[in-house]
Amino acid sequence: MGFNTDKNSYTIIFAVAMVVVVGSLLAFTASSLRDRIAANKRTEKQQNILFAMGVTDTEDPNEFVPAEKAQELFDKYVGDEQYIVVNGNAQKTKEAFDIEVKKENDKVKQDPNYQRKLPLFIGKKEGEEYYVVPMRGNGLWDAIWGYVSLDKEFKTVKGAFFDHKGETPGLGANIKEAYFRDDFIGESILDESGNYQGITVKKGNGDPKNERKNDNAVDALAGATITGDGVTAMVKKGIKMYQPYFETLKK
Amino acid sequence: MAEVTEEQVKVKEPKEPLFSKKNRKLLTDPLADNNPITIQVLGICSALAITAQLKPSIVMAISVIFVMGVGNIVISLMRNIIPSKIRIIVQLVVVAALVIIVDQVLKAFAYTLSKELSVFIGLIITNCIIMGRFEAFALGNGPWKSFLDGIGNAAGYGVLLIIVAFFRELLGSGTLFGVKVLGDPIEKTGLYAIGYENNGFMVLAPMALITVGIIIWIQRSRNKALIEDH
């Protein structure tokens, strides 16, 4: 090569050029794909909510409804039944779908007096009502989130879906798997005297078939203690925020 | 006495065929006798993290093969213009940019697949095999050779991941690809009916290290040439 690659000036020019080229390449990719990615995320959220209601792929009950049918089925089962709950009062609005639990969490962190907006989706399937509550928490490495649907007495979990950003594959990542989340179905979130308990992911629970529905606990995953504790905290806190509103509905 | 022109001094090298013996060795050596994990001891960290089950191991293997192949070509094409003082940074930028672009494209066009891969994206960037091969090979060799070297090393890494994951999933969870091959531990069927228990220890990361250790032991006892003198 005709030039000296060891010179300081060359090094600096190379570094600057590299940053500009790579930076614009990434910015271009990100901005040209943004709309598609946002649409995919929207579809995924619809699929998640439907899944927590037990609306799944007709062939495999452990799969989401197909992406191309998500909008249609969402309109059918949830439709306009979307609410924003603030301070125990609900307002019916489709904006509920666009509320991100993460952003609400951030706002509360910045301003402790902020009145959190809680999105709530009420689905109807075969004459039964499903109160779907979105939630978000922390696993071992990164964020975890989920959707839990409750019956109209706000006592029993009717369905659940959990997902994660970066839990360990084969261990914490298994919160996504059917054998973990299905244990939540039928589990009670209240203790015998009717006080709110949430659901604990418990080591040594010894109830693999989940026959004890009233112990407010499900079996933990081996090798995923922190992720399990994260799910416990997320479910407990996530549903608790809705309790004041549920109390008014019960009356 | 004729003047010796430069042309005549240059020894004409015969053009190497694409799959010459040397090139094939680049591809096959890392699979066994120069395996990145057992011999070069690169990429152990991700091998520990994701080998609890077979499926993620295979996904990881494919992702690394792709990133290594393309990354090695890019670095090899740039090898004469990269300033040596910041070469490691340049390598990092190349692999990070590559991985992010792949991630974004998958998110837009194959969303379900990208969900499956999400965890690995970060792990690929930190995989020392990639940086190791950029530094040791691609910086000093042509694109085609570098491509073969990248594919070979990534495949060698993948093969080992799959072997480790096979034993860890089988002994730790009693499943392969999530299928209960040893019977049902809850219903007590198959092997479990006669008192077999899953070894929960196999699910934890330290057992991956021990499994890799056993593989290294077997490999070196079969091929004494691999044993280093100390």
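Residues numbered from 1 in each chain as written. Chains lettered and ligands numbered in written order. Predicted model: local features only at pLDDT ≥ 70, side-chain atom pairs only at ≥ 80, totals over all residues. Heavy atoms only, no water.

**Q** Would you explain the interface of chain B and chain A in this entry?
**A** Tallying the contact residues gives 32 residues for chain B and 37 residues for chain A. Counting each side, the surface lost to burial between chain B and chain A is near 2800 Å², with a carbon and sulfur contribution of 70%. Among the residues chain B hides against chain A, the three largest losses belong to B:Lys85, B:Tyr111 and B:Lys115. Together they make up 18% of the total. Along the contact surface separating chain B from chain A lie zero salt bridges. The set of elements that each furnish at least two residues to the side of chain B that touches chain A consists of helix 3 (44-50), helix 5 (87-109) and helix 6 (111-125) of chain B. (Contact = heavy atoms within 4.5 Å. Buried area = accessible area lost by both parts, 1.4 Å probe. Salt bridge = Lys/Arg side-chain N within 4 Å of Asp/Glu carboxyl O. Helix = DSSP H or I, 4+ residues; strand = E, 2+ residues; numbered from the N terminus.)

**Q** What am I meant to see in the confidence of the model for chain A here?
**A** A low pLDDT means the predicted coordinates there should not be read in detail. Across chain A, pLDDT averages 89, with 99% of residues at or above 70. Model confidence for chain A, summarised as mean pLDDT per element, is weakest for helix 6 (residues 243-250) of chain A at 87 and strongest for strand 5 (residues 143-150) of chain A at 94. (pLDDT = per-residue confidence, 0-100.)

**Q** In this structure, what is going on with the pairing of strand 6 (residues 157-164) of chain A? I would like to understand it.
**A** Within a regular beta strand, the side chains point alternately toward one face of the sheet and then the other, so they alternate between its two faces. All names here are of chain A. Of all eight residues making up strand 6, eight are buried, and the element is well covered by its neighbours. Bridge count for strand 5 against strand 6 is seven bridges, and the pairing is antiparallel. Its bridge partner being in strand 6, Ser 149 is matched across the sheet by Gly 159. Between strand 5 and strand 6, which pair antiparallel in sequence order, lie six residues; one of them, Phe 154, sits at a positive phi of approximately 55°. (Buried < 20%, exposed > 50% of the residue type's maximum accessible area, 1.4 Å probe, protein only. Pairing = 2+ DSSP bridges.)

**Q** Sorry, what's going on with empty space enclosed by the protein here?
**A** Remark: the empty space left among the atoms is shown by a probe the size of a water molecule rolled over them. All names here are of chain A. Tallied over the entire structure, the rule returns one cavity of 30 Å³ or more. Its volume calculated, the largest cavity comes out at about 60 Å³. In this structure, the largest cavity is lined by Ile 99, Glu 100, Val 101, Glu 104, Arg 116, Lys 117, Leu 118, Pro 119, Pro 134, Met 241 and Tyr 242. Mapped by element, the contributors of at least two residues to the lining of the largest cavity are helix 3 (101-110) and strand 3 (118-125). A per-class count over the lining of the largest cavity returns seven nonpolar, no polar and four charged. (1 Å grid on protein atoms, 1.4 Å probe; cavity = no way out; pocket = protein on both sides within 12 Å on 5 of 7 lines; lining within 4 Å. Points joined across faces, edges and corners; volume = space filled by probe spheres on them. Nonpolar A, V, L, I, M, F, W, Y, C, P; charged D, E, K, R; others polar.)

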